[in-house]
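Structural features, examined
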Amino acid sequence: MTATAATAIDTPARRQRRAGFALSPRQVWGLLFTAPYVAVFLGFVVFPVGYAFWLAGSPRLYVELADDPIFLRTVVNTLVFLIVAINVKMVIALFLSGFFTQKRWWVRVLAVLFVLPWAVPSIPTILSVRFMLNPEWGVINTLIFRLTGDDGPNWLNDPTLALTLSMAVHIWKSLPFWTLILLAGRLAIPHELYEAASVDGAGSWHRFRYITWPSMSTLYVTCTLLSMIFTVGDFNSVYLLTGGGPADLTHVLATLGIRYLRLDQVGLAMATIVCALPLILPLVFFMMKRLSR
Amino acid sequence: MRGVSTEAALLLVGIPVLLWTLIPIYHMFLFAISPKDAAFSGQLWPEHPILRNFGIVLNQQHHFLYNFWRQMWNSLAISCATAVLTLLIASAAAFAISRLRMKGGRLVMNLALFTYFIPAAFLAVPMYKTMGMYGLLNNDWALVLAMVTVASPYAIWILRQASDKLPVELDEAALIDGASPFQLFRMIYIPLMVPSLIAVGTYALLLAWNEYLYAFLLLSRETAITLPVALGNFLSADDSPWELLMTAGFIYALPPAAIYYAFRKYMSSGLTAGAVKG
């Protein structure tokens, strides 16, 4: 009796729901399965980012930021880091991906070792580099002194040299990853193309120019842009090697933001990040278009 | 003759690559096996290699290292929790997007991709403030949740690409047999996705184990921090025992290297597949 009544009441409502926004059981399951991710996204992306923009809303912050003498230097450093380090890294990765296609036992062993910098934690390895560069007791200057009798340069005390070394550390750390990606791209090129080319007597440059590059160029550009987006957020390579020094001259936007945060100037920290948006948003939109198909 | 010159050219690339890759790691190892004074003399191999530094670190005999095992445990617990949560969240989302073809799946995928493109150091600042509001600072869960947020977008993307390749007929057959989507997920989808799940799980595990920035922002109590934060704290003192720092760092680098090599096969095919398509 109650069951019939319930059905009688339920039916119009259910019918209305079907007509309004049809939720098939499949759709309900879909929502259930995506709910955990959506919850993470709302709680730890939307809310923090919204809060960040709210904190960074005051124009006064940008005036203060622009007045900070290290800000302009930081922006320049970030641009240099992005343009120089990424392009050097990607060209080397492209070259090495070709090297690692060679079928030799020792090349295979080397490929296995080559991934180590990427797999191990940054902190001990970057600190190891930092210590090698110590002007008094570091191994590099000790060797220079032993071989030439002269004191080596004070590596991390020269802003240009220190930034260059930070870029080198960045390359050391992330080169293996991009080399592997480009290697996978090379291995996907049909081998018949190369066989046909060698029948035609094409040299290695021609094989690269007319077969490898045309099939890889899209991937190469995608990787370069992705790497740029990620590198804007590379905190470790600069912070652990130079700490932003000497005299705060080697900061990039990522380390500057964290520096303000540590000084309890959250508004400035957020404003620093907002200043990086014109740099990364175009890249992000381009990548979204390319990857979300 | 031509063969010889090719070989020489290959070696001319290979030897610098080998040196470039291994020198910082070798330098770390060299410090770990050298007595303090020998480490500072710039020798390429100590005259009397010792294991005493390992003993000091493992027995927590220096005030920088009183909580070494506790901090190792924190790293382990946090990275395992991150891997498990990332796998659950990402495989469920990828299943809904790719197999159930739910409405709005594309939107969820795009949100995830968008998150993937937020530079990690930039999200760290608002994340720190947010965790403070949630009352999670100095709680291991803060780091776990932050790492899940960072790891899951890439995980969803990789898993979606892999599951798009599974034949549709499989799902249809199971659904006709009366399986619910949950049974389909548990009995068919998960077993077929094991190789990609291993790749993604390893990725999340290594990401959390190696993380420094988020760990040092979110955790600060001596017994709550992970080992990278403890290593970073060595920098604050002028008379830091560098040989112990390098020893502890070397020990800390061993598990991720071992895990990477154990799952290398899955990693390179699983993680590069997604990127190549782009």
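Computed from a predicted structure; not experimentally measured.

Moving on, we get to the overall build of chain A. When its secondary structure is counted, chain A shows 14 helices and zero strands. Secondary structure elements of chain A occur, N-terminal to C-terminal, as α-α-α-α-α-α-α-α-α-α-α-α-α-α. Relative to its length of 293 residues, chain A is extended, with a C-alpha radius of gyration of 27 Å against a globular reference of 19 Å. In terms of principal-axis extent, the alpha carbons of chain A reach across some 100 × 65 × 30 Å.

Below, the discussion takes up the overall build of chain B. From N to C terminus, chain B includes 14 helices and zero strands. Helices (α) and strands (β) of chain B occur, in sequence order from the N terminus, as α-α-α-α-α-α-α-α-α-α-α-α-α-α. The C-alpha extent of chain B, read off along each of the three principal axes, is 75 × 70 × 30 Å. For chain B, with 278 residues in total, the buried portion stands at 47%. Within chain B, counting contacts between residues at least 6 apart in sequence, those at least 24 apart form 79% of the total.

Time to look at the interface of chain A and chain B. Interfaces are frequently sized by the accessible area removed from exposure as the parts join. Taken together, the 77 residues of chain A in the interface contact 74 residues of chain B. With 19 residues, the top contributor of residues to the side of chain A that touches chain B is helix H2 (residues 25-55) of chain A. Taken together, the residues that form the side of chain A that touches chain B break down as 60 nonpolar, 14 polar and three charged.

Our focus in this paragraph is helix H13 (residues 242-262) of chain B. The first and last C-alpha atoms of H13 of chain B sit 30 Å apart over 21 residues, in line with the 30 Å expected at 1.5 Å per residue. For H13 of chain B, the set of buried residues is Glu243, Leu244, Leu245, Met246, Thr247, Ala248, Gly249, Phe250, Tyr252, Ala253, Pro256 and Tyr260 of chain B.

Turning our attention to the environment of Val150 of chain B. Residues and elements named next belong to chain B. Positionally, Val150 belongs in helix H7 (residues 140-164). Here Val150 falls in the buried class, since 25 other C-beta atoms lie within 10 Å of it. In this structure, the C-alpha to C-alpha distance between Val150 and Tyr252, residues 102 residues apart in sequence, is 22 Å. Setting aside residues up to four positions removed in sequence, Val150 forms contacts with Ala120 and Leu207.

Residues and elements named next belong to chain A. Positive phi values are uncommon outside glycine, yet Ala247 reaches one of about 55 degrees. Relative to the assigned elements, Ala247 resides in the loop between helix H12 (236-239) and helix H13 (253-262). For Asp264, which is not glycine, the phi dihedral falls at a positive 65 degrees.

What follows is about the nonpolar core. Counting 171 residues, the largest nonpolar core has Ala93, Ala124, Leu143, Ala146, Met147, Val200 and Leu218 of chain B as the members making the most contacts within it. Among the elements that make up this core, the one with the highest residue count is H7 of chain B (16 residues).

Here chain A is described as being made up of domain 1 (1-55) and domain 2 (59-291). One C-alpha centre belongs to domain 1 of chain A, the other to domain 2 of chain A, and the line joining them spans 44 Å.

Turning next to the environment of Arg259 of chain A. All names here are of chain A. Among the structural elements, Arg259 can be located in helix H13. Along the backbone, Arg259 and Ala269 are ten residues apart, and their C-alpha atoms lie at a distance of 7.6 Å. Apart from the residues within four sequence positions on either side, Arg259 is in contact with Gly244 and His251.

Here we take up the packing of H2 of chain A against helix H4 (residues 68-98) of chain B. Viewed as axis vectors pointing N to C, H2 of chain A and H4 of chain B meet at an angle of 135 degrees, and their least axial separation amounts to 8 Å. When the axes of H2 of chain A and H4 of chain B are compared, the pair comes out oblique. Of the two elements, H2 of chain A crosses H4 of chain B, and the hand of that crossing is left-handed. Each of Gly30, Phe33, Thr34, Pro36, Tyr37 and Val40 of chain A in H2 of chain A lies in contact with H4 of chain B, whose residues at this interface are Leu88, Ile89, Ala92, Ala93, Phe95 and Ala96 of chain B. Here the residues of the contact of H2 of chain A with H4 of chain B sort into ten nonpolar, two polar and no charged.

To describe two helices that pack against each other, one gives the angle between their axes and the distance between the axes. Residue and element names in this part refer to chain B. Interhelical geometry of helix H5 (residues 105-116) versus H7 gives an angle of 130 degrees and a closest axis separation of 8 Å. Relative to H7, H5 is oriented oblique. Between H5 and H7 lies a crossing of left-handed hand. In contact with Met109, Ala112, Leu113, Thr115 and Tyr116 of H5, H7 contributes Pro153, Tyr154, Ile156, Trp157 and Arg160. Across the contact of H5 with H7, the residue classes tally to eight nonpolar, one polar and one charged.

This next bit is on the environment of Ser174 of chain A. All names here are of chain A. Summarising the element assignment, Ser174 is placed in helix H9 (residues 159-187). A residue is classified by how many C-beta atoms lie within 10 Å of it, and Ser174, with 22 of them, is buried. Spatially, the C-alpha atoms of Ser174 and Ile86 are 9.9 Å apart, while their sequence positions differ by 88 residues. Residues within four places of Ser174 in sequence aside, it is in contact with Lys89 and Trp118.

The subject of this paragraph is the domain arrangement of chain B. All names here are of chain B. Taken domain by domain, chain B consists of domain 1 (2-50) and domain 2 (65-277). A C-alpha centroid distance of 33 Å is found between domain 1 and domain 2. Every contact between the two is made by seven residues of domain 1 and, on the other side, six residues of domain 2. Every element with two or more residues in the side of domain 1 that touches domain 2 is listed here: helix H1 (2-32) and helix H2 (36-39). The leading source of residues in the side of domain 1 that touches domain 2 is H1, at four residues. Along the lines of polarity and charge, the residues of the side of domain 1 that touches domain 2 split into five nonpolar, one polar and one charged.

Our next topic: the confidence of the model for chain B. On average, residues of chain B score 87 in pLDDT, and 94% of them reach the 70 mark or higher. Of all secondary-structure elements in chain B, the lowest mean pLDDT belongs to helix H14 (residues 264-277) of chain B, at 66, while H4 of chain B reaches the highest, 95.

The rules we used
Residues numbered from 1 in each chain as written. Chains lettered and ligands numbered in written order. Predicted model: local features only at pLDDT ≥ 70, side-chain atom pairs only at ≥ 80, totals over all residues. Helix = DSSP H or I, 4+ residues; strand = E, 2+ residues; numbered from the N terminus. Rg over C-alpha atoms; globule rule 2.2 N^0.38 Å. Buried ≥ 20, exposed ≤ 12 C-beta atoms within 10 Å, placed from the backbone. Contact = placed C-beta atoms within 7 Å. Nonpolar A, V, L, I, M, F, W, Y, C, P; charged D, E, K, R; others polar. Expected span 1.5 Å × (residues − 1). Core = buried A, V, L, I, M, F, W, Y, C linked by C-beta atoms within 7 Å. Domains from an automatic or database assignment. Axes fitted to C-alpha atoms, helices over the stretch in contact; angles between N-to-C directions. Parallel < 35°, antiparallel > 145°, perpendicular 65-115°, else oblique. Left-handed = near helix turned anticlockwise from the far one by under 90°. pLDDT = per-residue confidence, 0-100.

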